[in-house]
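Read off the chains here:
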Amino acid sequence: MNALLPLLSGLGTGLALIVAIGVQNTYLLRLAVSARVRIVAAAVLVCAVSDAVLIVAGVLGVGAVVERFPVALVVIRFVGAAFLLTYGVLAARRALRPSGEAIRVAVEDDGVADVAPPAGHRAPMPAGATSVAGCGPDKTATTSAAAPTAHASASAAAPTAHASATAHAAEPARSTVTGPPVRTAPAMRAAVLTMLVFTWANPHVYLDTLVFLGSVANQQGIDDRWWWTAGAVAASCLWFSAVGFGGRLLRPLFARPVTWRVFDACVAVVMLAFGVLLVVGA
């Protein structure tokens, strides 16, 4: 019972600090609706482990060291601002000049949906087979140049017809799938590196976790501070898992291109706002 109170206190404090609209949560939500499950899991892991490392470092007193070197925070601030402003401009460009992209959602959801062939499309027939009127792709009649025939005219035309049918069947099947272009999912390396920059190039994360959470944890006493720390780390794990995996429930909504325009506009506002705030030193 004595350990439960600091654990719940750390959980509540961690959630109150992390549950907010920020660049990290915004990018994670974008991955949730567009990337494969393994990429989303990797991004969630990056966020949770990074928070855990920073929280524990703050409890151990690293926050006091960071406060003694403000120049490091200034460098991090401008690097993060440049990255946020660039990403915000790209998002604004996607919102203002849409390409009609959307994601296709399948029942077996692995981030990329399978597209069924359009109506009227037939599977390629095996070589030496010709279709017969009234028969489907699975009902074919094979012709052979060596088969005996009772009519001389049919025998003379059989090799030519067989050669034509064989050449026609040997051609690759051609089908045109029309519709909006499919939004390509980000690669694992690009997603992880981008999430690392959003996490570690944000000076506020050092002030919030190293300084603030570390100081609050150390006020709990020697016996309770690690229970409080466990609660704060659990809050990060719960929140990022909810955003990453729960956000995938919105995938059907993002099958419409207009949804991506609205989302990219919101992303641009968030990224540009945080970038400007970092530049002015807020």
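Predicted model only: the values in this text are computed from it and were never measured. (Residues numbered from 1 in each chain as written. Predicted model: local features only at pLDDT ≥ 70, side-chain atom pairs only at ≥ 80, totals over all residues. Heavy atoms only, no water.)

Here's the deal with the overall build of the protein chain
Okay, so step 1: Secondary structure assignment for the protein chain yields ten helices and two strands.
Okay, so step 2: Secondary structure elements of the protein chain occur, N-terminal to C-terminal, as α-α-α-α-α-β-β-α-α-α-α-α.
Okay, so step 3: Burial statistics for the protein chain: of 282 residues in total, 33% are counted as buried.
Okay, so step 4: A separation of at least 24 residues holds for 85% of the contacts in the protein chain among residues at least 6 apart in sequence.
Okay, so step 5: When the accessible area of the protein chain is evaluated, it comes to approximately 15,900 Å², of which 68% is carbon and sulfur surface. (Helix = DSSP H or I, 4+ residues; strand = E, 2+ residues; numbered from the N terminus. Buried < 20%, exposed > 50% of the residue type's maximum accessible area, 1.4 Å probe, protein only. Contact = heavy atoms within 4.5 Å. Areas by Shrake-Rupley, 256 points an atom, 1.4 Å probe, with all protein chains shown as cover.)

What to know about the packing of helix H8 (residues 203-218) against helix H9 (residues 225-246)
Okay, so step 1: Contact geometry of H8 with H9 gives a least axis separation of 8 Å together with a crossing angle of 145°. Contacts between H8 and H9 involve Leu213, Val216, Ala217 and Asn218 from the former and Arg225, Trp228 and Thr229 from the latter. (Axes fitted to C-alpha atoms, helices over the stretch in contact; angles between N-to-C directions.)

Comments concerning the packing of aromatic side chains
Okay, so step 1: Applying the stated rule across the entire model yields eight aromatic pairs.
Okay, so step 2: With a centroid separation of 5.1 Å and an interplanar angle of 75°, the aromatic rings of Phe83 and Phe198 are classed as edge-to-face. A residue pair is termed long-range when its members are at least 10 positions apart, and Phe83 in helix H5 (residues 70-96) and Phe198 in helix H7 (residues 188-200) qualify at 115 residues.
Okay, so step 3: The exposure class of Phe198 is buried, given its relative accessible area of 3%.
Okay, so step 4: Aromatic pair Trp260 and Phe263: ring centres 6.1 Å apart, planes at 85°, arrangement edge-to-face. Remark: Phe263 and Trp260 occur in helix H10 (residues 257-280); sequence separation between them is three residues, near one turn of the helix. Here the two residues Trp260 and Phe263 agree in accessibility, since each one is buried.
Okay, so step 5: Following the ring pairs from residue to residue traces out a cluster consisting of Tyr27, Phe83, Tyr87 and Phe198.
Okay, so step 6: Here Arg94 stacks its cationic end above the ring of Tyr87, 6.0 Å away from the centre of that ring. (Phe/Tyr/Trp six-rings, centres within 6.5 Å; stacked < 30°, edge-to-face > 60°. Lys NZ or Arg CZ within 6 Å of the ring centre and 35° of its normal.)

Some details on the nonpolar core
Okay, so step 1: Grouped together as the largest cluster of nonpolar side chains are 30 residues, with contacts concentrated most on Tyr27, Leu28, Leu31, Met195, Phe198 and Met271.
Okay, so step 2: Among the elements that make up this core, the one with the highest residue count is H10 (seven residues).
Okay, so step 3: Residues within four places of Leu28 in sequence aside, it is in contact with Ala43, Val44, Met195, Phe240, Val243 and Gly244.
Okay, so step 4: Listed in part, the nine residues of the second largest apolar core include Ala52, Val216, Trp228 and Ala232. (Core = buried A, V, L, I, M, F, W, Y, C linked by side-chain atoms within 4.5 Å.)

So, H8
Residues spaced three or four apart along an α-helix point in a common direction, a consequence of the helix completing one turn every 3.6 residues.
Okay, so step 1: The terminal C-alpha atoms of H8, which comprises 16 residues, lie 22 Å apart, in line with the 22 Å expected from a rise of 1.5 Å per residue.
Okay, so step 2: Burial in H8 covers these residues: Pro203, Val205, Tyr206, Thr209, Leu210, Leu213, Gly214, Val216 and Ala217. (Expected span 1.5 Å × (residues − 1).)

A look at the pattern of salt bridges
Okay, so step 1: For the structure shown, the criterion picks out two salt bridges.
Okay, so step 2: A salt bridge links Asp264 to Arg30; the nearest nitrogen and oxygen atoms lie 2.6 Å apart. Of this pair, Asp264 sits in helix H10 while Arg30 sits in helix H2 (residues 23-34), placing them 234 residues apart in sequence. Residue Asp264 shares its accessibility class with Arg30, and that shared class is buried.
Okay, so step 3: For Arg94, the salt bridge is made with Asp264, and the minimal N-O distance between the two is 3.4 Å. One end of the pair, Arg94, is in helix H5; the other, Asp264, is in helix H10, with 170 residues separating them in the sequence.
Okay, so step 4: Taken together, the shared-partner salt bridges in this structure form one network comprising Arg30, Arg94 and Asp264. (Salt bridge = Lys/Arg side-chain N within 4 Å of Asp/Glu carboxyl O.)

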